[in-house]
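Structural characterization, general
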Amino acid sequence: MGPGSRPAMWERYRRAEQMLHRNVNSLVFNLQTPVHWLPDSSGFWYRCESASGHRFMLVDAPTGRQQEAFDHRGVARALTQVLAEEVDPAALPFETFEFACGGSRVRFKVDGSRWECRVDGSSLRKWPAPAPGRGSASPSGRYEARTVAGNLVLIDHIEGSSTPLTDDAEPAHGYGSSPEGRNSAVTDRLGKRETPPRVVWSPDERNLLTHRLDERRVQKLHLWQGAPRDGSLRPRVHSYRQALPDDAELPLAQLVVFEVETSKRVDLQWRPLESSFLTPIELNHVWWASGGDTVFFLDWDRDRRSVRLVSADPSTGECNVMVEERSETPIDLNAVYYGAPNVWVAKDRREIIWYSARSGFGHLYLLDGRGDPIRQLTGGQWLVTDLVRVDEKTRTAFFMGTGREPSRDPYYHHLYAVSLDGGEPVLLTPEEAEHGEWPPWVDFSPDGRYFVDRFSRIDQPPRTVLRRSTGELVAQVTETDVSALRATGWRYPERFTAKASDGQTDLYGMIVLPHDFDPARKYPVIESIYPGPQATRTPRGFTDVVGESTRCLAELGFVVFTVDGRGTPGRSRAFLDAGYGRSAEAEVLADHVAVLTQLAEERPYLDLDRVGIYGHSAGGYAAVRAMLEYPQVYRVGVASAGNHDQALTNVTWGERWIGPVGGPGWDTQANRTLAGNLQGKLLLVTGDLDDNVNPAATMQLVDALIAANRDFDLLVLPNRNHDFAGTWGTWSEDPYFTRRRWDYFVEHLMGEQPPPGYQVGVPG
């Protein structure tokens, strides 16, 4: 079929495919600009992109002046000679480098070989590649901790020695391991990925801290691989240990310290820490004092209604509680569940910064070394999200916050500074936009005198600027170039506000229109849902809307929207707790229906007789729940990798967000309890190797739908794990799944025939 004879829907599919992240990314330059500070804080380098290639730029911090980090032409000439092929100075064959010899030389890797030369490109020579690191390196790189059959071994690269630190490991009871309930145990095993031991080195390298993880009594889940990659006809079963809600036995991590010089072992005199999903080391819940003489760690009870900050003497193992907090609902020490804890201890242990939502909003409190209050550092009906840096010399805490600036979007992050001695926070990033977009939010220089700030909105491409720690602007570093993307007809999404189902609470969302949108037409509507409770769905910054699935569906001829209802983070504690114990309502699903109604009142082009919904993981659960709770609203749904019964999820999910098993919310939360309510067209999708949400969650829903004599569609993707929808930053949607999701909405919601034989990723 020639281009001139293709039907309109085929062309729409081709356009939708062009909007996938892997295609759009090549049309946007400087979308992400990570910076690399020099050790002396005099400046930093970054990789600057353009349509003609890329350059490595060096920025002088005091002035903001930029120049090439090294002689690109000289390096290109030198590489051309040794590689025997022409090297373009505007497209050097490496994406990162490092300065050496005080900045007079640069090192980089090309085709697996390491090279070093002067900054002018002369004296090019191969640099011996270090031995592949299979362990966790110490700060200087001299030492490396490895595991052998579950035991910990210390490697000294200078002495060339190898010292066993333990010899008593046994299956499911070894040192430095990550729990099998980490959502990737089978994926790692099949991919032969070796995870380095989880250790925390003291700053002076005199000690290392790790854990001995006991999973011996944890029950197993299983995956059934029906089409092994090697062509075997015999199906294979892959098992992994995972604690489920109400299980008596959980993975437990005993913290242990080893002295490097003597191999002396000290077990901390504290109960083993619950590690059902990740260990305290992986969650940044364990750290060393800057002097290396004290270990700090956080200990939550299983129900997360109490938490303690504990200090430990690494030489004796003696532990002392410094701070303890209790609450009627689960406690977090960050605005989001997986965020690094907002806790800081002064070098002399006399002051502690502690994060608490006791006032109804997450704020910072200054305590003395005994945990008694000195003063509240921040307060009001706004939210501290992340403690970024504490400068003890100036007694200043730098933090990200949301909702403090009047008449601004309450989800936009800004950087603030507040004195430990009292006073109001000072705004350092005034632009009305999302600053940072993700941790580490802003990049401070090593000495803290400068920081690099990157900010954007969904309708404003990112800008990267250099500021002093006072917030004073030094210079603009770079700006994202979206001209090639805009030339395709790509249009910015729109942010909107609406009321929750209570008629009072403001909610925020995003609406995405087709590039050829005509307000005189009626459009079928699709909601892309993720109900939390540990994350929001609606993007705040531009980076997260480039290549988004909503844009692809919009190009097919739909209007697509997202909204963050109550029960999601980023607002008040009451806003988040509104979803606690209400998993059966997909965290206040009524809010989503209320928003849809309001959107239709304001936008007559929305056809409420043709409304669809899709989601992945918890979003898959919510998509099905919406169709079962509101069958008169949601007519077509695609639910991928849905955790359709929280009793089949990791214990830290189900018990954290619903409460103890048997309590309120558990009896009706499983989607199978409402299987008889299904009226619309539903496509269920699961990967047979999903070690995050076990396929059993989908299959048990399938069993209930069959028992209720309901029609539905099922797609099982062989050899796929949880990531086939391209979630959580992977941006690698499975082509077949992508096409099938498009087909389902085009056929059943739009009422048109998908183009026969269309294949995502294949030119045609």
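Residues numbered from 1 in each chain as written. Predicted model: local features only at pLDDT ≥ 70, side-chain atom pairs only at ≥ 80, totals over all residues. Heavy atoms only, no water.

1. What to know about the sheet that holds strand E24 (residues 319-326)
Spatially, E21-E22-E23-E24 is the arrangement adopted by the 4 strands of the open sheet, whose pairing is antiparallel. The two strands at the open ends of the sheet, each matched to only one other strand, are strand E21 (286-288) and E24. Direction aside, the axes of adjacent strands within the sheet are offset by 20 degrees on average. Note that strand E22 (residues 295-300) and strand E23 (residues 306-312) share 6 bridges and pair antiparallel. Residue pairing for E23: Val295 is matched across the bridge by Ala312. (Pairing = 2+ DSSP bridges. Helix = DSSP H or I, 4+ residues; strand = E, 2+ residues; numbered from the N terminus. Axes fitted to C-alpha atoms, helices over the stretch in contact; angles between N-to-C directions.)

2. Some remarks on the side chain of Arg305
Residue position: Arg305 is located in the loop between E22 and E23. No salt bridge forms around the buried Arg305; measuring N to O, its nearest opposite-charge neighbour Asp303 is 4.2 Å away. Polar side-chain contacts of Arg305 include one of 2.5 Å to the backbone oxygen of Asp303. From its side chain, Arg305 meets the backbone oxygen of Glu328 in a polar contact 3.4 Å long. (Buried < 20%, exposed > 50% of the residue type's maximum accessible area, 1.4 Å probe, protein only. Lys, Arg positive; Asp, Glu negative; His and termini not counted. Salt bridge = Lys/Arg side-chain N within 4 Å of Asp/Glu carboxyl O. Polar contact = N/O pair within 3.5 Å; in protein donor to acceptor, adjacent residues only side chain to side chain.)

3. Brief notes about the nonpolar core
Phe558, Trp742 and Phe745 are the most contacted members of the largest nonpolar core, which totals 44 residues. Take this core: its biggest share by element is 7 residues, from helix H12 (residues 735-750). The residues contacting Trp742, other than those within four sequence positions of it, are Tyr13, Ala16, Glu17, Leu20, Cys552, Leu553, Leu556 and Val760. Judged by nonpolar contacts, the second largest core, of 42 residues, contains Val559, Phe575, Val593 and Ala675. (Core = buried A, V, L, I, M, F, W, Y, C linked by side-chain atoms within 4.5 Å. Contact = heavy atoms within 4.5 Å.)

4. Description of the pairing of strand E42 (residues 606-616)
Two faces make up the sheet, and in a regular strand the side chains alternate between them. Counting buried residues along E42, 8 of its 11 residues qualify, which places the element largely inside the surrounding structure. As paired elements, strand E40 (residues 523-528) and E42 share 6 bridges and run parallel to each other. Looking across to E42, one finds that Glu527 is bridged to Ile613. Relative to strand E43 (residues 636-640), E42 runs parallel, the two being bridged by 5 bridges. Of the residues in E43, the one forming a bridge with Gly612 is Val636. A crossover connection joins E42 to the parallel E43 through helix H9 (residues 618-629); in handedness this β-α-β unit is right-handed. (Right-handed = clockwise from strand over helix to strand, strands pointing away.)

5. Describing a nonpolar patch on the surface
Together, Met699, Leu714 and Val716 give the surface a local cluster of nonpolar side chains, amounting to about 210 Å² of exposed area. Residue position: Leu714 is located in strand E45 (residues 713-717). Taking relative accessible area as the criterion, Leu714 reaches 35% and is therefore assigned partly exposed. (Patch = residues over 30% accessible without salt bridge, like charges linked within 9 Å, V, L, I, M, F, W, Y side chains within 5 Å. Areas by Shrake-Rupley, 256 points an atom, 1.4 Å probe, with all protein chains shown as cover.)

6. Quick look at the confidence of the model for the protein
With 96% of its residues at a pLDDT of at least 70, the protein reaches an overall mean of 94. Below a pLDDT of 50 lies the segment residues 1-5, which in the model reaches 3 contacts outside its immediate sequence neighbourhood of four places, other chains included. (pLDDT = per-residue confidence, 0-100.)

7. Topic: the packing of aromatic side chains
Tallied over the full model, the rule gives 35 aromatic pairs. Between Phe70 and Phe97, the aromatic rings sit 5.1 Å apart at their centres with planes inclined by 80 degrees, giving edge-to-face as the arrangement. Of the two residues, Phe70 sits in the loop between strand E4 (66-68) and helix H3 (72-83) while Phe97 sits in the loop between H3 and strand E5 (98-100), which places them 27 residues apart along the sequence. For the pair Trp490 and Tyr492, a centre-to-centre distance of 5.4 Å together with 80 degrees between the ring planes defines the contact as edge-to-face. (Phe/Tyr/Trp six-rings, centres within 6.5 Å; stacked < 30°, edge-to-face > 60°.)

8. Structural notes on H3
Its 12 residues place the ends of H3 16 Å apart at the C-alpha level, agreeing with the 16 Å of an ideal helix rising 1.5 Å per residue. Of all the positions in H3, only His72, Gly74, Val75, Ala76, Ala78, Leu79 and Thr80 are classed as buried. Residues of H3 that are buried in the fold lie against strand E3 (53-60), E4, strand E6 (105-110) and strand E7 (113-118). Just downstream of H3 lies Ala84, where phi reads positive at about 60 degrees. (Expected span 1.5 Å × (residues − 1).)

9. What to know about the side chain of Glu17
Turning to its location among the elements, Glu17 is positioned in helix H1 (residues 8-18). Setting aside its immediate chain neighbours within four residues, Glu17 contacts Asn23, Trp742, Tyr758, Gln759, Val760, Gly761 and Val762.

10. Examining the packing of H1 against H12
Close contact between H1 and H12 brings their axes to 12 Å; oriented N to C, the two are set at 140 degrees. If you check the angle between H1 and H12, you find them oblique. Crossing of H1 against H12: the hand is right-handed. Of H12, the residues touching H1 (which contributes Met9, Tyr13, Ala16 and Glu17) are Arg739, Trp742, Asp743, Val746 and Met750. (Parallel < 35°, antiparallel > 145°, perpendicular 65-115°, else oblique. Left-handed = near helix turned anticlockwise from the far one by under 90°.)

11. Some words on the environment of Asp544
Summarising the element assignment, Asp544 is placed in the loop between E40 and helix H6 (549-555). Separated by 523 residues in sequence, Asp544 and His21 have C-alpha atoms that sit 10.0 Å apart.

12. Describing unusual backbone geometry
Of note, the amide linkage connecting Gly532 to Pro533 takes the cis form, showing an omega dihedral of 5 degrees. Within the secondary structure layout, Pro533 lies in the loop between E40 and H6. Here Asn30, not a glycine, exhibits a phi torsion of approximately 65 degrees, which is positive. Here Asn30 shows up in the loop between helix H2 (21-24) and strand E1 (36-37). Under the relative-accessibility criterion, Asn30 is labelled buried at 4%. For Ser617, which is not a glycine, the phi torsion comes out positive at approximately 65 degrees.

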